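Structural description and commentary
Next come the chains, spelled out residue by residue.
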Amino acid sequence: MSTTSQFTERDVSEFFDQTTQTYLSFWDSEGVLHTGYFAGDDDADYHAAADRTSDILADDAGIDASSRVLDVGCGCGNFLLRLAARTGCRGEGLDLSIERIRFAEQRRAERGAGLDVTFRHGSATALPYADGTFTHVVSQDALFLVPEKPRSHAEMFRVLAPGGVLAVSDFLQPTERIGEAARRHVYDRVRWNGGYSLDGYREALIEAGFVDVVARSLDAHIRQTYRVLGRTARERAAATTDEAARTWIGNFADSCDEIQAAIDRGEFGWGMFVARKPA
């Protein structure tokens, strides 16, 4: 058994800068790269499931046209653009990967006409905003990558207005020690230091000052996400003529199998959390 490795923010940013185009080329060219909330074991519609995750978070957070939203770890920008189009909210997205911010800006220019949305390169541990700027802070499958998680929690708390809402989905480390396969295919693969169990995540948010913290496990959905992605990756690898790309995609498909096994062993999880800053 082993604990996870120690990666820096620079390790994380470099990994996602270097792999963004590869992920887009086989996972989703539209930039939807987060986990899906599936209708059931037979549901294989990744895009609908990913949209469902976004909509559930938005509804649980109570985001509407009066909201000013910060998406921390916004990636390619799809979540924030969907929020703004669906609710009319204003928003800003921030991500550590300059390549993903560039893609998000391109998406905004192409499809964000009339939406009050901007994107910025930056760190979750030093948010470039004044105290109390936002009514809502949201994030999808990104905060787990932050090496200094208590610091990012404090920053999100700081930029929320009194009474503001935090709503996130995030990956979990359900057990303190994990096996070598999970370390290699789940944690080190994306430069993840490891983090919280479901209960540990809830306690960390309370320690940061949040109240009314609601947490729920979504492990079945993350397993279905990687089941669908693994199948898709193998289909695309078989149709790819470039040998290097075929090898990369095939390796990802193999990792999808290992990720499902890690979930079954209780070494990897997914949760959704909604909390409030006291008024």
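Residues numbered from 1 in each chain as written. Predicted model: local features only at pLDDT ≥ 70, side-chain atom pairs only at ≥ 80, totals over all residues. Heavy atoms only, no water.

Named according to an unreviewed UniProt entry, the protein chain is Methyltransferase domain-containing protein originating from Micromonospora robiginosa.

**A few points about the overall build of the protein chain**
Note the following rule: Under the scheme used here, helices are H or I runs from DSSP no shorter than 4 residues and strands are E runs no shorter than 2 residues, and both carry numbers assigned from the N terminus. Only C-alpha atoms enter the radius of gyration; for comparison, a globular chain is expected to reach 2.2 Å times N to the power 0.38, where N is the number of residues. Burial classification: accessible surface area is computed with a 1.4 Å probe over protein chains only, and a residue below 20% of its type maximum counts as buried, one above 50% as exposed, and the rest as partly exposed. All accessible-area figures derive from a Shrake-Rupley calculation using a 1.4 Å probe, and residue coverage is judged against the displayed protein chains alone. The charge count treats Lys and Arg as positive and Asp and Glu as negative. His and the chain ends do not count. To locate a charge, take atom NZ for lysine, CZ for arginine, CG for aspartate or CD for glutamate.
Helices and strands together make up the secondary structure of the protein chain, namely 9 helices and 7 strands. Here the C-alpha radius of gyration of the protein chain, 18 Å, is about what a compact globule of 279 residues would show, namely 19 Å. Principal axes of the C-alpha set define a box for the protein chain whose edges measure 50 × 45 × 35 Å. Buried residues in the protein chain amount to 55% of all 279 residues. Per element, the accessible surface of the protein chain, about 11700 Å² overall, is 47% carbon and sulfur. Seen as two clouds, the 31 positive and the 43 negative side-chain charges of the protein chain have centres 1 Å apart.

**Regarding the pairing of strand S1 (residues 68-72)**
Heads up, the condition is: When DSSP finds two or more bridges between a pair of strands, those strands are recorded as paired. When the strands point away from the viewer, a crossover counts as right-handed if the path from the first strand over the helix to the second runs clockwise.
Of all 5 residues in S1, 4 are buried; the element is thus mostly enclosed. The pairing of S1 with strand S2 (residues 90-95) spans 5 bridges and is parallel. The residue of S2 that forms the bridge with Asp 71 is Gly 93. Tracing the backbone out of S1, into helix H3 (residues 78-87) and back to the parallel element S2 gives a crossover that is right-handed. Here S1 runs beside strand S4 (residues 134-140); their pairing, made up of 3 bridges, is parallel. Looking at the pairing, Leu 70 lines up with Val 137 of S4.

**Thoughts on the sheet that holds strand S5 (residues 160-172)**
Adjacent strands of a sheet pair through backbone hydrogen bonds, lying either parallel or antiparallel. The criterion, for reference: Fitted lines through C-alpha atoms serve as axes, helices being fitted only where they are in contact, and the angles separating the N-to-C directions of these axes extend from 0 to 180 degrees.
Pairing within the open sheet is mixed, and its 7 strands lie in the order S3-S2-S1-S4-S5-S7-S6. Since the sheet does not close on itself, it has two edges, and those belong to strand S3 (117-121) and strand S6 (211-217), each with one partner. Averaged over all pairs of adjacent strands, the angle between strand axes in this sheet comes to 15°, irrespective of strand direction. The sheet contact formed by S4 and S5 spans 6 bridges and is parallel. Considered in S5, the bridge of His 136 is made with Val 165.

**What about the side chain of Thr 53?**
What counts here: It only takes one pair of heavy atoms within 4.5 Å for two residues to be counted as in contact.
Checked against the element boundaries, Thr 53 lands in helix H2 (residues 46-61). What Thr 53 contacts, discounting residues up to four positions off in sequence, is His 34, Thr 35, Gly 36, Tyr 37, Gln 140, Ser 169, Trp 270 and Met 272.

**Overview of the pattern of salt bridges**
We apply this condition: Each reported salt bridge corresponds to a side-chain nitrogen of Lys or Arg within 4 Å of a carboxyl oxygen of Asp or Glu.
One pass over the full model with this rule turns up 22 salt bridges. The salt bridge involving Glu 92 is made with Arg 120; its shortest N-O contact spans 3.0 Å. Of the two residues, Glu 92 is situated in strand S2 and Arg 120 in strand S3; the sequence distance between them amounts to 28 residues. In this structure Glu 92 comes out as buried when scored by relative accessible area, which is 8%. The salt bridge partner of Asp 131 is Arg 158, with a shortest N-O separation of 2.8 Å. Of this pair, Asp 131 sits in the loop between S3 and S4 while Arg 158 sits in helix H5 (residues 149-159), placing them 27 residues apart in sequence. Asp 131 sits in the exposed class, given a relative accessible area of 57%.

**Details of the environment of Phe 79**
Mapped onto the elements of the fold, Phe 79 is located in helix H3. Excluding residues within four positions of it along the chain, Phe 79 makes contact with Ser 54, Leu 57, Asp 71, Val 138, Ser 139 and Gln 140.

**Observations regarding helix H8 (residues 219-238)**
As a reminder of what qualifies: Helices are assigned an expected span. That span is 1.5 Å times one less than the residue count.
Taking 1.5 Å of rise per residue, 20 residues should cover 28 Å, and H8 covers 29 Å from first to last C-alpha, within 8% of that figure. The complete set of buried residues in H8 reads His 221, Ile 222, Gln 224, Thr 225, Tyr 226, Val 228, Leu 229, Gly 230, Ala 233 and Ala 237.

**With respect to the pairing of S5**
Burial analysis of S5 places 11 of its 13 residues in the buried class, which makes it a mostly covered element. For the segment spanning S4, H5 and S5, crossover handedness is right-handed. As paired strands, S5 and strand S7 (residues 269-276) are joined by 8 bridges and run antiparallel to one another. In the sheet register, Leu 166 faces S7, and the bridge partner there is Ala 275.

**A word on the side chain of Glu 155**
Counted only if it meets this: The term polar contact refers here to a pair of N or O atoms within 3.5 Å; inside protein, the definition further demands a hydrogen-donor-capable atom paired with an acceptor-capable atom, and it admits residues adjacent in sequence only when both atoms are side-chain atoms.
Take Glu 155: it is sitting in helix H5. Side-chain polar atoms of Glu 155 contact the side chain of Arg 158, separated by 2.9 Å. Apart from the residues lying within four places of it in its own chain, the contact partners of Glu 155 are Ala 124, Thr 125, Ala 126 and Leu 127.

**Re the environment of Pro 128**
You can see Pro 128 is positioned in the loop between S3 and S4. Here Pro 128 is in contact with Leu 94 and Arg 120, once residues within four sequence places are set aside.

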